[in-house]
Amino acid sequence: MIENSDIRAVTFITDKKNKFDLSEDYLKKLKDISPKEVIDEAYDYLINDIRNNNLTFQISLQEENYIKYLKEENILEYILYRYKFKEYPKKKISTKFPIYILIEPVSSCNLKCPMCFQSDKTFIDKKYMGKMSFDLFKKVVDEAQKKGTKAITFGSRGEPTIHPEICEFLKYLKGKFLDIKLITNATKLNEKLIRTIFETKVNLVTFSIDSEDEKIYEEIRKFGKFNQVLENVKNYNKIKKEYGNCNTITRISGVKVKAEQDEKKFESFWKEYADEVSIKKAFERWNTYNNKKHPNFTNPCRAIWERIYIWYDGKTNPCDADYKSFLSYGNVNEKSIEEIWNSEKINNLKDKHLNNKRSEITPCDRCGIY
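Overview of the structure. The structure displayed is predicted, hence computed values, not measured ones. Starting afresh in each chain, residues are numbered from 1 along the sequence in its written order. The predicted origin of the model limits local features to residues at a pLDDT of at least 70 and limits the giving and counting of side-chain atom pairs to 80 or more, whereas totals for whole chains, interfaces and linings rest on all residues. Side-chain descriptors were evaluated using all non-hydrogen atoms of the structure, hydrogens and water having been removed beforehand.

## Considering the overall build of the chain
Turning to step 1, where the next piece is worked out: Secondary structure elements follow DSSP: runs of H or I of four or more residues count as helices, runs of E of two or more count as strands, with numbering from the N terminus. In terms of regular secondary structure, the chain is built from 13 helices and 10 strands.
Turning to step 2, where the next piece is worked out: For the chain, the C-alpha radius of gyration of 20 Å lies close to 21 Å, the compact-globule estimate for 370 residues.
Turning to step 3, where the next piece is worked out: Each of the three principal axes of the chain carries a C-alpha extent, and together these read 55 × 50 × 40 Å.
Turning to step 4, where the next piece is worked out: Taken over 370 residues, the chain has a buried fraction of 55%.
Turning to step 5, where the next piece is worked out: When contacts within the chain are restricted to residue pairs at least 6 apart in sequence, those whose partners lie at least 24 apart make up 75%.
Turning to step 6, where the next piece is worked out: Per-residue accessibility takes into account occlusion by the displayed protein chains alone, with areas from the Shrake-Rupley method and a 1.4 Å probe. In the structure as shown, the chain presents an accessible area of about 17200 Å², 45% of it carried by carbon and sulfur atoms. The size measure is the radius of gyration over C-alpha atoms, and the globule rule it meets is 2.2 Å times the number of residues to the 0.38 power. Throughout this description, buried means an accessible area under 20% of the type-specific maximum (1.4 Å probe, protein chains only), exposed means over 50%, and partly exposed covers the range between. Here, two residues are considered to be in contact whenever any of their heavy atoms come within 4.5 Å of each other.

Structural data, given as structure tokens:
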């Protein structure tokens, strides 16, 4: 499954312009009414950016969608989390603990798409395949909540909803984090799962659907049935209406791998069923290890400062472009997330990226993303 945090790829289903201005006076007002424990060094960094006329951080329409459901005393905590998420990787500031964790409930998928890790036949092997135990999941979530993680995403190499305990996973997450996201191909949506999504207040559900055309969709999403997915999405929206002022944002996301995929038709068709619609060209994120090297590509990758992936078996990774874990930092069955996040291994990786030595690291030397 392909996921990218670059919100510039998102087409928002709204004609509203971004009017959320950050000013020092507004931030001071929020600080006065916010719980003291949510104020940290990010507040000072943000204020300094404003004072020095150096503010590149902006509240996107996606984030505005989220903020409108918050109580005013909780807005600053969210703004600081988003500032860290977007600005710390640019500034190469390391946090004491990951603010964003991606959890892989399962490494397998029920579809086989050409732009995905699952199309690599050497990956679809029993040594890479498995599902996360509930005990391991709880261990990860408990430490993440205690240490200040703000966002959890379900999704990476596999399809999260084929895990038999996915509803229990969602229930255990409820109320523990600012931002909970589920990425799914929508093939396994049923009433129980849909209601669990809304009852546990998942913030963002992304349906990975690449076309509005049945033929094109089924050519790309091998083993997927377009009409089944469409009915699932319709049923999801029907049930969502029952929950009134539901704060779950729905996004439909596509990856363009064929010339005949029409972005405008895609948006026009799916905007009826989502708050946000996006389609973007595929990155070099499948069979990464056989991609051509980029010897002149030396820019540091933001992912190392931004996030950590935790596979079904506890193995940790900087990104899912390295889906065979050449660069794994360690395993949460053996060490805490905090120990791994502050380990010599991850710091060495950061140093190499900062010192223009990315070309010495596989697959960083060929993934095409920074």
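## Things to note about the packing of helix α2 (residues 41-51) against helix α4 (residues 72-91)
Turning to step 1, where the next piece is worked out: For helices, the axis comes from a line fit to the C-alpha atoms of the stretch in contact; other axes are also lines fit to C-alpha atoms, and the angle between any two N-to-C directions lies between 0 and 180 degrees. Orientation of α2 relative to α4, taken along the N-to-C sense of each, is 75°, at an axis distance of 9 Å. Between α2 and α4, the crossing angle belongs to the class labelled roughly perpendicular. Taken together, the residues of α4 that come into contact with α2 (itself represented by Glu-41, Ala-42, Tyr-43, Tyr-45, Leu-46 and Asp-49) are Leu-76, Ile-79, Leu-80, Tyr-83, Lys-84, Tyr-88 and Lys-91.
Turning to step 2, where the next piece is worked out: Here the contact of α2 with α4 is composed, by residue class, of 9 nonpolar, no polar and 4 charged. Geometric relationships in this document are graded by angle, where less than 35 degrees denotes roughly parallel, more than 145 denotes roughly antiparallel, 65 to 115 denotes roughly perpendicular, and other angles denote oblique. The residue classification treats Ala, Val, Leu, Ile, Met, Phe, Trp, Tyr, Cys and Pro as nonpolar and Asp, Glu, Lys and Arg as charged. All others, Gly included, are polar.

## A few points about the pattern of salt bridges
Pairing is possible between side chains that carry opposite charge, provided their charged atoms lie close to one another.
Turning to step 1, where the next piece is worked out: In the sections that follow, a salt bridge refers to a side-chain nitrogen of Lys or Arg positioned within 4 Å of a carboxyl oxygen of Asp or Glu. Throughout the structure, instances matching the rule amount to 24 salt bridges.
Turning to step 2, where the next piece is worked out: When the shortest N-O distance is used, the salt bridge between Arg-195 and Glu-191 registers 2.9 Å. With Arg-195 and Glu-191 both in helix α7 (residues 191-199) and 4 residues apart, this pair spans about one turn of that helix.
Turning to step 3, where the next piece is worked out: For Lys-258, the salt bridge identified is with Glu-219, shortest N-O distance 3.4 Å. Pair noted here: Lys-258 is in the loop between β6 (249-256) and α10 (263-270) and Glu-219 is in helix α8 (residues 214-220), with a separation of 39 residues, a long-range link.
Turning to step 4, where the next piece is worked out: Each of Glu-24, Lys-28 and Arg-51 takes part in one network of salt bridges that share partners.

## Overview of the environment of Lys-131
Turning to step 1, where the next piece is worked out: Tracing the backbone shows Lys-131 in the loop between β2 (100-103) and α5 (134-147).
Turning to step 2, where the next piece is worked out: Between the C-alpha atoms of Lys-131 and Asn-53, which are 78 residues apart in sequence, the distance is 48 Å.
Turning to step 3, where the next piece is worked out: Ignoring sequence-local partners within four residues, the contact set of Lys-131 consists of Pro-105, Val-106, His-163, Pro-164 and Tyr-312.

## So, the environment of Phe-134
Turning to step 1, where the next piece is worked out: Mapped onto the elements of the fold, Phe-134 is located in helix α5.
Turning to step 2, where the next piece is worked out: Given a relative accessible area of 23%, Phe-134 falls into the partly exposed group.
Turning to step 3, where the next piece is worked out: Taking the C-alpha atoms as reference points, Phe-134 and Arg-307, 173 residues apart in sequence, are found 22 Å from one another.
Turning to step 4, where the next piece is worked out: The contact partners of Phe-134, leaving out residues within four places of it in the chain, are Glu-165, Glu-168, Phe-169 and Tyr-172.

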